[in-house]
Amino acid sequence: MHQIGIVGCGLMGAGIAEICGRADMEVLVAESSNDALDAGWARLEASLERAHARSKIRSVSEVLARIRMTTDLEDLADRELVIEAIVEDEQLKVELFHRLDAIVESPDAILASNTSSIPIMKLGVATKRPHHVIGIHFFNPVPVLGLVELVPGLLTAQETTARARGFVEDTLHKQAIICQDRAGFVVNALLIPFILSAIRMLESGFATAADIDHGLVLGAAHPQGPLALADLIGLDTVQAVAQSLYEEFKEPLYAAPPLLARMVDAGMLGRKAGMGFHSYS
């Protein structure tokens, strides 16, 4: 697969576009507006400049030359693989997969989702090609973290999973793990309850945000604390994943604490908003 389409150019979409461009692939990114495209392109340029400064890439311009952007979803018609990386909203993703199914022309093309929690089956049955639908879940920051979760649905063909694994491991040189199609997959099913527990500890007044994070960094050798990690992920995304997990399993450990909901309502979404459990101004 050489012609790659990406829908969405936020933190995740831009990161996926970057690593595909760095892997010499022809990348077309679709966004909903010119403003969103401009923001995505700026994000992409800044990340590539950082990679160049660390001698990770030879030329920023060479990578950017492989990436195009559009506001017309129909332009993805010739893609061999389309990766959806829009907001973590089930209805929006289902509607998008229904549209992509009608747009992407090749019957062998793979339609993939970067969802962190929404069941792949729900996306697959929105199309007439559920055997070619799979979850390809990257982690933020995409250019840095080496893990990708591959999530086949009940109807996903083994050939689709094999092709997706080849794309991840042989082309992008990342490590793939195979996950069952259940909310949260592997990493978030373990990680989100841990983050929610830290939020409950803060909410109860048991410890400050700084002390909770310092405790896990210095006492458990974590690279960053759970609240700083939540800020990096985005508190709206943490809340969305928690809601998906709770809806599927009804376990109390997956229930989002009131503090998280209030912060999301206030726009305190973490790093991308300049404020979350910590300040980034």
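Re helix α2 (residues 34–53)
With 20 residues, α2 should reach 28 Å at 1.5 Å per residue; the first-to-last C-alpha distance of 28 Å fits that figure. Buried residues in α2 make contact with α1 (11–22), β2 (26–30), α3 (60–64) and β3 (67–70). Of the residues one or two after α2, S55 is the one with positive phi, at around 60°.

Quick notes on the pattern of salt bridges
Counted by the stated rule, this structure contains twelve salt bridges. The partner of K93 in a salt bridge is E84, and the shortest N-O contact between them spans 2.3 Å. Accessibility expressed as a relative area gives 1% for K93, which makes it buried. If you follow the salt bridges from partner to partner, you end up with E26, R68, D78 and R79 in one network.

Let's talk about unusual backbone geometry
Most peptide bonds take the trans form, and the phi angle of most residues other than glycine is negative. For the bond from N140 to P141, the omega torsion is 0°, close enough to zero to count as cis. Mapped onto the fold, P141 is located in the loop between β6 (133–137) and β7 (147–152). Positive phi outside glycine occurs at D24, with the angle close to 65°. For D24, the location among the structural elements is in the loop between α1 and β2. The phi dihedral of K250 falls on the positive side, at around 55°, and the residue is not glycine. Relative to the helices and strands, K250 is located in the loop between α10 (235–249) and α11 (258–265).

Observations regarding the packing of aromatic side chains
As enumerated under the stated definition, the model contains one aromatic pair in all. Measuring from ring centre to ring centre gives 5.6 Å for F249 and Y254, while their planes differ by 40°; the resulting arrangement is tilted.

Notes on the nonpolar core
The biggest cluster of nonpolar side chains holds 36 residues, and the ones touching the most others in it are I16, C20, V27, L81, I136, F138 and F167. Per element, the largest residue contribution to this core is six residues, and it comes from α1. L81 has contacts with M1, Q3, I4, G5, I110, A112, I136 and F167, leaving out every residue within four places of it along the chain. Grouped together as the second largest cluster of nonpolar side chains are 23 residues, L227, Y254, M263 and F277 included.

Topic: the sheet that holds strand β4 (residues 81–84)
Here we have eight strands laid out as an open sheet, ordered β3-β2-β1-β4-β5-β6-β7-β8, and mixed in their pairing. The open sheet has two edge strands with one neighbour each: β3 and β8 (175–178). In this sheet, neighbouring strand axes are inclined to one another by 25° on average, regardless of whether the strands run parallel or antiparallel. Across four bridges, β2 lies against β3 in parallel orientation. If you follow V27 over to β3, its bridge partner there is I67. Against the sheet, helix α6 (residues 158–171) engages β1 (3–7), β4, β5 (110–113), β6, β7 and β8, with an angle of about 155° to β8.

Points about the pairing of β6
With five of five residues buried, β6 lies mostly within the body of the structure. Residues V133, G135 and H137 point to one face of β6 and I134 and I136 to the other, with burial holding for every one of them. Looking at chain direction, β5 and β6 are connected through three bridges and run parallel. Each residue of the ladder has a partner; that of A112, found in β6, is I134.

Let's talk about the pairing of β2
β2 sits mainly inside the fold: four of its five residues count as buried. With five bridges joining them, β1 and β2 adopt parallel strand pairing. Within β2, the residue paired with Q3 across the bridge is E26. Between the parallel pair β1 and β2, the chain is carried across by α1, and the sense of this crossover is right-handed.

Description of the packing of helix α9 (residues 226–233) against α10
Running from N to C, α9 and α10 cross one another at 95°; their axes reach a closest spacing of 6 Å. Considered as vectors, α9 and α10 are oriented roughly perpendicular to each other. Residues A230, D231 and I233 of α9 form the contact with α10, whose own contacting residues are L235, T237 and V238. Tallied by class, the residues present in the contact of α9 with α10 amount to four nonpolar, one polar and one charged.

A few points about the state of the cysteines
Tallying each qualifying case throughout the model produces zero disulfides. Free cysteine: C179, not disulfide-bonded; nearest cysteine sulfur from C20 at 19 Å. Residue class for C179 comes out buried when judged on its relative accessible area of 3%.

About the cut-offs
- For every chain, the first residue of its written sequence is number 1, and the numbers climb from 1 along that sequence.
- Since the coordinates come from a predicted model, pLDDT governs what is reported: local features require at least 70, and pairs of side-chain atoms require 80 or more to be given and counted, while whole-chain, interface and lining totals use all residues.
- Think of the side-chain values as coming from all heavy atoms in the structure, minus any hydrogens and water.
- Segments assigned H or I by DSSP are reported as helices when at least four residues long, segments assigned E as strands when at least two residues long, and all are numbered from the N terminus.
- To estimate the expected span of a helix, subtract one from its residue number and multiply by 1.5 Å.
- Contacts between residues were defined by any pair of non-hydrogen atoms, one from each residue, lying within 4.5 Å.
- Within this document, salt bridges are pairs made up of a side-chain nitrogen of Lys or Arg and a carboxyl oxygen of Asp or Glu, the two lying within 4 Å of each other.
- A simple rule labels every residue: compare its accessible area, found with a 1.4 Å probe on the protein chains alone, to the largest value its type can have, and call it buried under 20%, exposed over 50%, or partly exposed in between.
- Pairs were defined over the aromatic rings of Phe, Tyr and Trp, the Trp ring being its six-membered one, requiring ring centres within 6.5 Å. Orientation was assigned from the angle between planes: stacked under 30 degrees, edge-to-face over 60, tilted for the rest.
- What is meant by a nonpolar core is a set of buried Ala, Val, Leu, Ile, Met, Phe, Trp, Tyr and Cys residues, joined one to another through side-chain atoms within 4.5 Å.
- A pair of strands is labelled paired if DSSP reports no fewer than 2 bridges between them.
- Simply put, an axis is a line fit to the C-alpha atoms, just over the touching stretch for a helix, and the angle between two N-to-C directions goes from 0 to 180 degrees.
- The path from the first strand over the helix to the second decides the hand: if it runs clockwise while the strands point away from the viewer, the crossover is right-handed.
- For classification, angles of less than 35 degrees are called roughly parallel, those exceeding 145 degrees roughly antiparallel, those between 65 and 115 degrees roughly perpendicular, and all remaining angles oblique.
- Each residue gets one of three labels, nonpolar for Ala, Val, Leu, Ile, Met, Phe, Trp, Tyr, Cys and Pro, charged for Asp, Glu, Lys and Arg, and polar for the others, Gly among them.
- Cysteine sulfurs are considered disulfide-paired once they come within 2.5 Å of each other.

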